[in-house]
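Fold and geometry: a report
Chain by chain, the residues:
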Amino acid sequence: MHVSYGVPLAPLTTLGIGGPASSLAELHDPAEFPEFVREMRHSPTPPVCLGKGSNVLVGDRGCDLPVLRIATRGIRIMGAMDDGRVLVEVQAGHSLWELVTELIDEGLVGMEMLAGIPGTTGATPVQNVGAYGQEVSDTLRSLEVWDWKLGRRAVLDANACALGHRTSVFKKSRRWTVLSLLFALCRDELSTPVTYRSVADELDVPLGSRVPPAEAAEAVLTVRRRKGMVLDSGEPDRRSTGSVFFSPEVGDPMATKLRRLGAPVSRFPDGSTRVSASWLIRQAGFGLNAPLTHGVRISSVHYTLVADDGASAAGFREAVGIVLRQVLHRTGVLLTPEIDFIGE
Ligand SMILES: Cc1cc2nc3c(=O)[nH]c(=O)nc-3n(C[C@H](O)[C@H](O)[C@H](O)COP(=O)(O)OP(=O)(O)OC[C@H]3O[C@@H](n4cnc5c(N)ncnc54)[C@H](O)[C@@H]3O)c2cc1C
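Per chain, the residues get numbers from 1 upward, laid out in the order the sequence is written. Per-residue local features of the predicted model are confined to residues with pLDDT of at least 70, and side-chain atom pairs are confined, for both listing and counting, to 80 or more; whole-chain, interface and lining totals are unaffected and use all residues. With hydrogens and water set aside, each side-chain value is computed from the structure's full complement of heavy atoms.

**Observations concerning the environment of alanine 80**
This is how it is decided: A run of H or I in DSSP counts as a helix once it spans at least four residues, and a run of E counts as a strand once it spans at least two, with each numbered from the N terminus. Residues are treated as being in contact if the distance between any of their heavy atoms lies within 4.5 Å.
Residue placement: alanine 80 occurs in strand E6 (residues 75-80). Between the C-alpha atoms of alanine 80 and alanine 277, which are 197 residues apart in sequence, the distance is 39 Å. Among residues more than four places away in sequence, those in contact with alanine 80 are Arg85 and Val86.

Structure below.
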């Protein structure tokens, strides 16, 4: 297993911001994980896990804790369950987007709307990754983890992971490192129903339609590209974490008020009613491309924060604060950051 010291973390994140890791271990082969556990025996805290760094902001002074970058790959189609769903085992470092494409090629549906989301599959339970009507919790059955508190391997049932709207037990604790995941998917020629207007319009079908999964994924990619939500190289807004804030939950009176103003207010699978964070940012008076702090601005195509040359973690945090305060002042809704902070 390869361990390096004083490694810059910025190139390992999509924001490209942040200082070095005092130590960085890279896990490519799952068989090498016990060696890493042995290395960690004197560490008082669990490691900081890193996948593709697409949802993190690393502090300018970097990270003093050991960092474990998970780069294992591979999927294995297992047998079918009694209800006909097919079990698929995925290594934690496997790219989510590649997984979605591989499942579509296998004729398995349930994750096609997640096309284009960057990052590793192992990070998906952390914030119960979701988009366009599907969430990882819809198909995730169980996870193989290393439990740093108990010092042993464990299999966690997905139902025990408190998977909610962009949250789970993993979002609040570094106790577990996800090693592999087991999904249950349906073999079908048609996708799950299209529940987002933008995707339905792209496909030119009514809401609720089911279409070939490859077409659903293509439509999702087109919609995402329009909003700069696909990391294409050469894209001016590519230094991003996607959404920086959760879509905040609102009560009925606020939901009614916001709907009257034309806000996209939706019901989510966990029963919550939420308003789009990007709509709130726009409503608060921020324009596309608006500069916020040195090297940090609003994206040129979507109401989220992106980084340019000269950006620092301190500047990014300050920009988050500026947006948060102005949105609260102008709309009365409090935003909460979705990204995870590594280091100071
Ligand atoms: C352009 C863009 C679009 C995006 N669109 C969406 C979207 O539509 N929906 C959505 O939900 N998210 C979206 N995201 C956010 C991001 O892609 C997801 O959160 C993704 O799951 C992060 O994966 P990662 O491998 O990059 O994780 P990282 O950013 O490396 O890590 C994220 C968190 O997970 C932890 N972690 C990582 N791997 C493990 C592991 N094996 N075990 C335990 N903890 C681990 C890290 O410690 C950290 O707290 C988007 C991001 C970008 C840049």
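So that's the structure; there's more coming.
**Some words on the packing of aromatic side chains**
What counts is decided by this rule: Two aromatic rings from Phe, Tyr or Trp, using only the six-membered ring of Trp, form a pair when their centres are within 6.5 Å; if the ring planes differ by under 30 degrees the pair is stacked, by over 60 it is edge-to-face, and anything between is tilted. Classification of residues uses two cut-offs on accessible area relative to the type maximum, computed with a 1.4 Å probe and protein chains only: under 20% is buried, over 50% is exposed, and between them is partly exposed.
For the structure shown, the criterion picks out seven aromatic pairs. With centroids separated by 6.1 Å and ring planes inclined at 40 degrees, the aromatic side chains of phenylalanine 33 and phenylalanine 36 adopt a geometry described as tilted. Linking phenylalanine 33 with phenylalanine 36, this pair stays in helix H1 (residues 33-39), spanning three residues, or about one helical turn. Its relative accessible area of 1% is what places phenylalanine 33 among the buried residues. The exposure class assigned to phenylalanine 36 is buried, which follows from its relative accessible area of 4%. Ring plane angle 65 degrees and centroid distance 5.9 Å describe the contact between phenylalanine 33 and tryptophan 146, whose orientation is recorded as edge-to-face.

**A short note on the sheet that holds strand E16 (residues 291-293)**
Condition: Strand pairing is assigned whenever DSSP detects at least two bridges linking the two strands. Only the stretch in contact is used when fitting a helix axis, every axis being a line fitted to C-alpha atoms; angles between N-to-C directions are given from 0 to 180 degrees.
Pairing is antiparallel in the open sheet, where three strands are placed in the order E16-E17-E18. Every other strand in the sheet has two partners, leaving E16 and strand E18 (305-307) as the edge strands with one partner each. The sheet shows a mean angle of 35 degrees between the axes of neighbouring strands, taken without regard to direction. Pairing of strand E17 (residues 296-298) with E18, which is carried by three bridges, proceeds in the antiparallel orientation. Residue pairing in the sheet places valine 296 in a bridge with alanine 307 of E18.

**Re the site of the ligand**
For clarity, the cut-off: Any residue with at least one heavy atom within 4 Å of a molecule or strand is counted as near it. Nitrogen and oxygen atoms within 3.5 Å of one another constitute a polar contact, given that in protein one can donate a hydrogen and the other can accept it, and given that sequence-neighbouring residues count only through two side-chain atoms. Residue-level accessible areas treat just the shown protein chains as cover; the underlying method is Shrake-Rupley with a 1.4 Å probe. Polar here means any residue other than Ala, Val, Leu, Ile, Met, Phe, Trp, Tyr, Cys and Pro, which are nonpolar, and Asp, Glu, Lys and Arg, which are charged; Gly is therefore polar. For the purposes of this description, domain bounds are those given by an automatic or database domain assignment.
Close to the ligand lie 31 residues; Cys49, Gly51, Ser54, Thr120 and Asp340 are nearest. In this structure, an oxygen atom belonging to the ligand sits 2.9 Å away from a main-chain N or O atom of proline 118. Note that a nitrogen atom of the ligand is positioned 2.8 Å from one of the backbone N or O atoms of valine 178. In the complex, the protein chains occlude 93% of the 990 Å² of accessible area that the ligand would expose alone. If you list the elements that add at least two residues to the shell around the ligand, you get strand E3 (48-50), strand E9 (130-131) and strand E13 (176-187). Sorting elements by how many residues they give to the shell around the ligand places E13 first, with three residues. Here the residues of the shell around the ligand are counted per class, giving 14 nonpolar, 13 polar and four charged. Inspection of the shell around the ligand shows a minimum of three residues originating in each of domain 1 (2-70) and domain 2 (75-187).

**A closer look at the domain arrangement of the protein**
Heads up, the condition is: Two parts placed together each lose some accessible area under a 1.4 Å probe, and the buried area is that loss summed for both. By convention in these notes, a salt bridge is any Lys or Arg side-chain nitrogen within 4 Å of a carboxyl oxygen on Asp or Glu.
For the protein, the assigned domains are domain 1 (2-70), domain 2 (75-187) and domain 3 (252-342). Using only C-alpha atoms to locate each centre, domain 1 and domain 2 end up separated by 21 Å. The interface of domain 1 with domain 2 comprises 18 residues on the first partner and 16 residues on the second. Among the residues domain 1 hides against domain 2, the three largest losses belong to Phe33, Pro46 and Ile70. Together they make up 36% of the total. In this assembly, domain 1 and domain 2 are joined by zero salt bridges. On inspection of domain 1 and its partner domain 2, the count reaches two residue pairs in polar contact (both at pLDDT 80 or more).

**A closer look at the environment of isoleucine 342**
Structurally, isoleucine 342 can be placed in strand E19 (residues 340-342). Classification of isoleucine 342 as buried rests on a relative accessible area of 8%. Each C-alpha atom of the pair isoleucine 342 and glycine 62 lies 7.6 Å from the other, and the pair is 280 residues apart in sequence. In this view, isoleucine 342 contacts Val48, Leu50, Val56, Leu57, Val58, Gly59 and Cys63; residues no more than four positions away in its chain are not counted.

**So, the sheet that holds strand E1 (residues 2-8)**
The four strands are arranged E1-E2-E5-E3 in an open sheet whose pairing can be described as mixed. Either end of the sheet is taken by a strand with one partner, and the two such strands are E1 and E3. Across the sheet, the mean angle separating the axes of adjacent strands is 30 degrees when strand polarity is ignored. Across three bridges, the pairing between E3 and strand E5 (residues 67-70) is parallel. Pairing of valine 48 across the sheet is with valine 67, part of E5.

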